[in-house]
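# Summary of structural features
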Amino acid sequence: MNPLTLLLPKPTSVVVHEGSFTFSGDCSVSGKGEAQHITAMFTKEINALLHLNINSSAKSEIVLAIDGTRKENNESYRISITPTAIRLSSSSQTGLFRASRTFVQLLMIARARQNDREIQIPCAEITDAPAFRWRGLNLDCARHFLSKEYLLRTIDVLALYRMNVLHLHLTDDQGWRLEIKKYPKLTETGAWRTENGKKYGGYYTQREMKEIIEYAAQRHILIVPEIDMPGHTQAAIASYPQLSCTGQPIEVSTRWGIHKDVLCVGKESTFDFVKDVLDEVTALFPSKYIHVGGDECLTLRWKRCPLCRKRMHEEDIASERSLQGYFLRRIESYLKSKGKILIGWDEIIDGGLPENAVVQSWRGFKGAEFAASSGHNTIVSPTSHCYFDYGLTYTDIEKVYSFSPIPPMLPLGDEKHILGSEACMWTEFTPESKIDSMLYPRLIVLAEALWSHPAGKHYPEFLIRLREHYPLLASRGIHVGAEYESYFSRIRYNARMAGVFFSILIRDPEAAWENLTHYQPAD
Ligand code: ACM
Ligand code: ZN
């Protein structure tokens, strides 16, 4: 089979010509100026793959070049393959790097199917650009700590499938995972919890995080940090109890779900703390975008806190939801003063959306729709298609393949605010050792849904192509999980749902029967 037909994501255009380029030993690889760094990395990789004799006097050559005027889409690139030369080019380093990933993938596919000594690549002209500019993965390093090695390997896979964002959920009720020099207890206390009598946890020093950021930057992947607030902050409160409304000592949480102890918005010292933390975060992460969570914040404590009530009175804030809006607007303007853009989960809409915020829509498409139609950029990660911690009954690969981040009801012209999407991998029930089998193959299916143009979608063809990539992932130490729910687990799931249904029926049989027999679907 022609390896050009097996690329994933599928490039925008592949025009195949007569003849082929043969890797049979000698080959020269060159790239000047801005292309030098990518060329050095690329040369090392193809050498490791094919054991070439790379020398400058060889008859066949590979050239990497930055050329042409800069395009609007800085990830677009061309690859031209003729019998004696291969040319990878783009108007930007990012585009050239994406080209190098497509080419490395092509070699990996060809090598898996051909004789090791003589790899042939058909002559062709590839032109390519992504459909969406934000193609990411959100990894929850808080519920379970993920090792630096795991993150680096994940960055390599993201790069191979031309994704461009790794969002790290660094703080939550069950752990604070980033060293903050001004507040050492965040990691001395907040990074550890006691589970079954044993200490569990871990964190990244700023030096380690710098290494991760640099590794990703070399692969043209943006690391976006998430410091969740004002909810999901029990680990911070366990470290510094004065951050909460009660000021009472509590432990780093050992249960999942939503917690009532959150940051006190009445105390000015809370804002000082958050600003100090963000000072270190913004100094460490070059990303223009800083995620501050904003999701699932209970307001129970605020209702009873004299300082929160005083704040509401003084600022003429009518509800606790609006108090969260007040908090986030202050944080957003602080980030803006540092040249950064706030991202928050779609709950940030509920208390009044901060002026320049980007909304990450997870409770369906509604948040994205609201954000885009009110002029805000948005990242679309609905649980229905993008939560890969959920089982396959809910989201199998066919559903992921069908995904488009454009909300179905979005008014024409607002699509420009749809940046793209992220897969979400929450780790409550998934320690590092189990993530791969949940994340793959769905992650690379999403990579295709976000890069390739929807007009060319054809599921049966895609499925054949996708399966060609499992050995490639295996060569990176990744063993993919299932594509679909198995017959038996579907039966198990249906039985559980039937159990839920009957328990409702038994509690209020009349109402349940009424609903069942007189149910009228809404218009
Ligand atoms: C979320 O899943 N709480 C963003
Ligand atoms: Zn309070």
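See the structure printed just above.
Keep in mind that what you see is a predicted model, and the values were worked out from it rather than measured.

So, how was this worked out
- Residues numbered from 1 in each chain as written.
- Chains lettered and ligands numbered in written order.
- Predicted model: local features only at pLDDT ≥ 70, side-chain atom pairs only at ≥ 80, totals over all residues.
- Heavy atoms only, no water.
- 1 Å grid on protein atoms, 1.4 Å probe; cavity = no way out; pocket = protein on both sides within 12 Å on 5 of 7 lines; lining within 4 Å.
- Points joined across faces, edges and corners; volume = space filled by probe spheres on them.
- Helix = DSSP H or I, 4+ residues; strand = E, 2+ residues; numbered from the N terminus.
- Nonpolar A, V, L, I, M, F, W, Y, C, P; charged D, E, K, R; others polar.
- Donors = N, O, S within 2.8 Å, 3.2 Å for Na, K, Ca; no water.
- Tetrahedral: all angles 85-135°; square planar, octahedral: opposite > 155°, others 65-115°.
- Buried < 20%, exposed > 50% of the residue type's maximum accessible area, 1.4 Å probe, protein only.
- Pairing = 2+ DSSP bridges.
- Right-handed = clockwise from strand over helix to strand, strands pointing away.
- Patch = residues over 30% accessible without salt bridge, like charges linked within 9 Å, V, L, I, M, F, W, Y side chains within 5 Å.
- Areas by Shrake-Rupley, 256 points an atom, 1.4 Å probe, with all protein chains shown as cover.
- Salt bridge = Lys/Arg side-chain N within 4 Å of Asp/Glu carboxyl O.
- Core = buried A, V, L, I, M, F, W, Y, C linked by side-chain atoms within 4.5 Å.
- Arc of directions from axis to C-beta.
- Contact = heavy atoms within 4.5 Å.
- Phe/Tyr/Trp six-rings, centres within 6.5 Å; stacked < 30°, edge-to-face > 60°.

Applying the stated criterion to the full structure yields 1 cavity of 30 Å³ or more. The space that makes up the largest cavity amounts to roughly 70 Å³. In terms of lining, the largest cavity is formed by Trp176, Ile227, Asp228, Met229, Thr233, Ala236, Leu263, Phe273, Val274 and Val277. Sorting the residues of the lining of the largest cavity by element identifies strand S14 (222-229) and helix H7 (268-284) as the ones contributing at least two each. For the lining of the largest cavity, a count of residues per class yields 8 nonpolar, 1 polar and 1 charged.

Turning next to the coordination of the zinc ion (ligand 2). The coordination sphere of the zinc ion (ligand 2) contains the protein donors Cys245 (SG), Cys264 (SG), Cys305 (SG) and Cys308 (SG), at a distance range of 2.3 to 2.4 Å. Every donor counted, the 4 donor atoms about the zinc ion (ligand 2) form angles of 106 to 113 degrees at the centre, which fits tetrahedral coordination. For the zinc ion (ligand 2), the single-chain donor residues occur in sequence as C-x18-C-x40-C-x2-C. In this pair, Cys245 is assigned in the loop between helix H6 (234-239) and H7 and Cys308 in helix H9 (residues 306-314), connecting sequence segments 63 residues apart. Accessibility assignment for this pair places Cys245 and Cys308 in one class, buried.

Quick look at the sheet that holds strand S6 (residues 85-90) now. An order of S1-S7-S5-S6-S4-S2-S3 is seen for the 7 strands of this open sheet, with the pairing classed as mixed. Edge positions in the open sheet fall to strand S1 (13-23) and strand S3 (53-54), since each of these has one partner strand only.

Where burial is concerned, the two faces of strand S17 (residues 358-361) agree: the one with Val358 and Gln360 and the one with Val359 and Ser361 are both buried. Sheet analysis places S17 next to strand S18 (residues 378-380), joined by 3 bridges and oriented parallel. The residue of S18 that forms the bridge with Ser361 is Val380. In terms of handedness, the path from S17 via helix H11 (residues 366-373) over to S18 forms a crossover that is right-handed.

Next up on the list: a nonpolar patch on the surface. A surface patch of nonpolar side chains, about 220 Å² in accessible area, is lined by Ile258, Leu298 and Leu300. As for its position among the elements, Leu300 is in helix H8 (residues 300-304). Given the relative accessible area of 42%, Leu300 is considered partly exposed.

Ranked by size, the top nonpolar core spans 142 residues in total, and within it Phe23, Ile62, Leu88, Phe103, Met209 and Ile331 carry the most contacts. Here this core takes 10 residues from helix H2 (residues 93-113), the largest share from any one element. Formed by 8 residues, the second largest nonpolar core is a distinct cluster that contains Trp134, Ile343, Ile379 and Leu419.

Here the focus is H9. At 3.6 residues per turn, the α-helix brings residues three or four places apart onto the same side. Along H9, the positions that sit buried rather than exposed are Cys308, Arg311 and Met312. Along the long axis of H9, the arc covered by the buried residues comes to 100 degrees, so they all point the same way. The exposed set on the far side of H9, more than 90 degrees from its buried face, consists of Pro306, His313 and Glu314. Taken together, the buried residues of H9 touch H7, H8 and helix H10 (320-337). Directly beyond the C-terminal end of H9, a positive phi value near 55 degrees is found at Asp316.

This part covers the side chain of Arg101. Mapped onto the elements, Arg101 comes out in helix H2. You can call Arg101 buried: its relative accessible area is 5%. Apart from the residues within four sequence positions on either side, Arg101 is in contact with Glu45, Ala159 and Leu160.

With that settled, the discussion passes to the side chain of Glu320. Secondary-structure assignment places Glu320 in helix H10. What makes Glu320 buried here is its relative accessible area of 12%. Filtering out sequence-adjacent residues up to four positions away, Glu320 remains in contact with Thr299, Trp302, Lys303, Arg309 and Met312.

The final tally for this structure, using the stated rule, is 19 aromatic pairs. Where Tyr240 meets Phe273, the ring centres are 6.4 Å apart and the plane angle is 50 degrees; that geometry is what we call tilted. Remark: Phe273 occurs in helix H7 and Tyr240 occurs in the loop between H6 and H7; sequence separation between them is 33 residues. Across this residue pair, the class does not change: Tyr240 and Phe273 are buried. Centroid distance Phe271 to Tyr326: 6.2 Å. Interplanar angle 80 degrees. Geometry classified as edge-to-face. Highlighted residues: Phe271 in helix H7 and Tyr326 in helix H10, separated in sequence by 55 residues. Residue classification places Tyr326 among the buried positions, given a relative accessible area of 10%.

Geometric values such as these leave the question of function open.
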